[in-house]
Amino acid sequence: MKVFVTGASGFVGSAVTRELISAGHQVVGLARSDESAKKIQDTGAEILMGDLTDLEVLKQGALNTDGVIHTGFFHDFAQYEKAAAIDQNAINTMGEALIGTDKPIVVSAGILGLPLHDGFVTEESVAKYSIRFSEAAALALAEKGVNASVVRLSPSVHDKGDHGFIPFIIAQARKHGVSAYPGNGANRWSAVHRLDAAKLFRLAAEKAAKGALYNAVGDTGIEIKKIAELIGERLNLPVVSLSEEETAIHFEWMSRFIMFDNPATSIKTQEQLGWRPQHIGLLEDMEQNYF
């Protein structure tokens, strides 16, 4: 296939691009700058200049390829509602261009905040409301006949070069001189290695099941306290519990996410796609690559 990848120069999207090319597919990557274009070109992909607000460019990217993988996102957590709206418009634009075709569009979404189903976030867990609209947008497209599916990313997608939640937690520990966790720290996060997530995106595009929800989960649930303890050990900092008020100060914009208890499984995803997480888990990756 020739696949249009948004976010192709990003942490997840660049791995998806390399995974697709190594499996024999061609990639057209969306590039918002010359710097992004060079990164994408270096992976062996073609370039389409534009960003997630360039709706005509997105439409052409979808029309002129055999499928879409959407990993792009406007990563400004201080303007999260704006970012979510940009994301929704981008998904709708690309998806509606595919109406009447069998071309797949695989949309990235998140596990954090989804309701637990039998004690875990499973593929059956569906949020009644989410501040990120990507999953709902993809499912609405599927109802219109578009070959849309969703890959739900764990809150930690980890590997060298990570700029997500874990590096921010480490930075805040350095800033405040303590490695902190909220309350008793027993709330759990799932995690997935970036290369495992990239393979899942490829399989989802190749197998293209309309309306499917796939969980990108390697570690099913790591207690936030264990993450804090590892950071404290490596940085030689005290490990402390924080009240809700203290959590808001220490973790800033991330305080709304750090308290979620979201253990998750990928059993159905593995069964449907033949996908297996093969790379190291989060804590081992942190030990090797995050300090």
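Note that the coordinates shown come from a computational prediction; the quantities given were computed from them, not determined experimentally.

Draft legend 1. Up close: the overall build of the protein. The secondary structure content of the protein amounts to 12 helices and 12 strands. Against the globule reference of 19 Å for 291 residues, the protein gives a C-alpha radius of gyration of 19 Å, in line with a compact fold. Once the C-alpha set of the protein is aligned to its principal axes, its extents read approximately 55 × 40 × 35 Å. The 291 residues of the protein split such that 51% are buried. Across the protein, the fraction of contacts at a sequence separation of at least 24, relative to all contacts at a separation of at least 6, is 79%. A distance of 3 Å separates the average location of the 27 positive side-chain charges in the protein from that of its 36 negative side-chain charges.

Draft legend 2. Inspection of the pairing of strand 5 (residues 104–110) at higher detail. Within strand 5, six of the seven residues are buried, which leaves it mostly tucked inside the rest of the structure. Here three bridges tie strand 4 (residues 67–70) to strand 5, and the two strands are oriented parallel to one another. In the strand pairing of strand 5, histidine 70 is matched with valine 107. Pairing of strand 5 with strand 6 (residues 147–153) involves seven bridges; the strand directions are parallel. Bridge pairing in strand 6 links proline 104 to asparagine 147.

Draft legend 3. Fine view of the packing of helix 6 (residues 165–176) against helix 8 (residues 224–235). Two elements in contact, helix 6 and helix 8, have axes separated by 11 Å at closest approach and are oriented at 50°. Here helix 8 runs oblique to helix 6, going by the angle between their axes. As helix 6 packs across helix 8, the resulting crossing turns out to be right-handed. Contact residues: Ile166, Ile169, Ile170, Ala173 and Arg174 in helix 6; Ile227, Ile231 and Leu235 in helix 8. Considering only residue class, the contact of helix 6 with helix 8 consists of seven nonpolar, no polar and one charged.

Draft legend 4. Highlighting the sheet that holds strand 11 (residues 219–223). Ordered in space as 7-9-11, the three strands form an open sheet in which the pairing is mixed. Looking along the sheet, the strands with just one partner apiece sit at the ends: strand 7 (156–158) and strand 11. Strand-to-strand twist in this sheet, taken as the mean axis angle between neighbours without regard to direction, amounts to 40°.

Draft legend 5. Examining helix 8 more closely. Across its 12 residues, helix 8 extends 17 Å between first and last C-alpha, which sits within 8% of the 16 Å expected from 1.5 Å per residue. Burial in helix 8 covers these residues: Ile224, Ile227, Ala228, Leu230, Ile231, Gly232 and Leu235.

Draft legend 6. Examining the sheet that holds strand 3 (residues 46–49) more closely. What the seven strands build is an open sheet, ordered 3-2-1-4-5-6-10; its pairing is parallel. Whereas interior strands pair on both sides, the edge strands pair on one side only; in this sheet they are strand 3 and strand 10 (213–216). Neighbour to neighbour, the strand axes of the sheet diverge by 25° on average, direction disregarded. Sheet analysis places strand 1 (residues 2–6) next to strand 2 (residues 26–31), joined by four bridges and oriented parallel. Of the residues in strand 2, the one forming a bridge with valine 5 is glycine 29. Across the sheet, helix 1 (residues 11–22) is in contact with strand 1, strand 2 and strand 4; its angle to strand 1 comes to roughly 170°. Contacts from helix 7 (residues 194–207) reach strand 4, strand 5, strand 6 and strand 10 within the one sheet, and its direction differs from that of strand 6 by about 165°.

Draft legend 7. Spotlight on the packing of helix 4 (residues 80–97) against helix 5 (residues 134–143). Packing of helix 4 against helix 5 leaves a shortest axis separation of 9 Å and a crossing angle of 20°. Considered as vectors, helix 4 and helix 5 are oriented roughly parallel to each other. Crossing hand, helix 4 versus helix 5: right-handed. On helix 5, the residues touching Asp87, Gln88, Ile91, Asn92, Gly95 and Glu96 of helix 4 are Ser134, Ala137, Ala138 and Leu141.

Draft legend 8. Molecular detail of the nonpolar core. Counting residues in hydrophobic clusters, the biggest one holds 31 residues, and the most contacted among them are Ile69, Val151 and Phe201. Secondary-structure elements contributing two or more residues to this core are strand 1, helix 1, strand 2, helix 2 (34–42), strand 6, helix 7 and strand 10. Element by element, the count of residues in this core is highest for helix 7, at seven residues. Dropping the residues within four chain positions of it, valine 151 is found in contact with Val106, Val107, Ser108, Ala109, Leu200, Phe201, Ala204, Tyr214 and Ala216. Grouped together as the second largest cluster of nonpolar side chains are 25 residues, Ala173, Ala180, Leu230 and Leu242 included.

Draft legend 9. Geometry of helix 5. Here helix 5 has its buried residues at Ser134, Glu135, Ala137, Ala138, Leu141 and Ala142. For helix 5, the angular spread of the buried residues around the axis is 165°, confining them to a single face. Exposed and oriented more than 90 degrees from the buried face of helix 5 are Ala136 and Glu143. In this structure, the buried side of helix 5 is in contact with helix 4, strand 5, strand 6 and strand 10. Looking one or two places after helix 5, you find glycine 145, whose phi comes out positive at around 100°.

Procedures and definitions
- Residues numbered from 1 in each chain as written.
- Predicted model: local features only at pLDDT ≥ 70, side-chain atom pairs only at ≥ 80, totals over all residues.
- Heavy atoms only, no water.
- Helix = DSSP H or I, 4+ residues; strand = E, 2+ residues; numbered from the N terminus.
- Rg over C-alpha atoms; globule rule 2.2 N^0.38 Å.
- Buried < 20%, exposed > 50% of the residue type's maximum accessible area, 1.4 Å probe, protein only.
- Contact = heavy atoms within 4.5 Å.
- Lys, Arg positive; Asp, Glu negative; His and termini not counted.
- Charge placed at Lys NZ, Arg CZ, Asp CG, Glu CD.
- Pairing = 2+ DSSP bridges.
- Axes fitted to C-alpha atoms, helices over the stretch in contact; angles between N-to-C directions.
- Parallel < 35°, antiparallel > 145°, perpendicular 65-115°, else oblique.
- Left-handed = near helix turned anticlockwise from the far one by under 90°.
- Nonpolar A, V, L, I, M, F, W, Y, C, P; charged D, E, K, R; others polar.
- Expected span 1.5 Å × (residues − 1).
- Core = buried A, V, L, I, M, F, W, Y, C linked by side-chain atoms within 4.5 Å.
- Arc of directions from axis to C-beta.

Any functional reading would require information beyond the geometric quantities listed.
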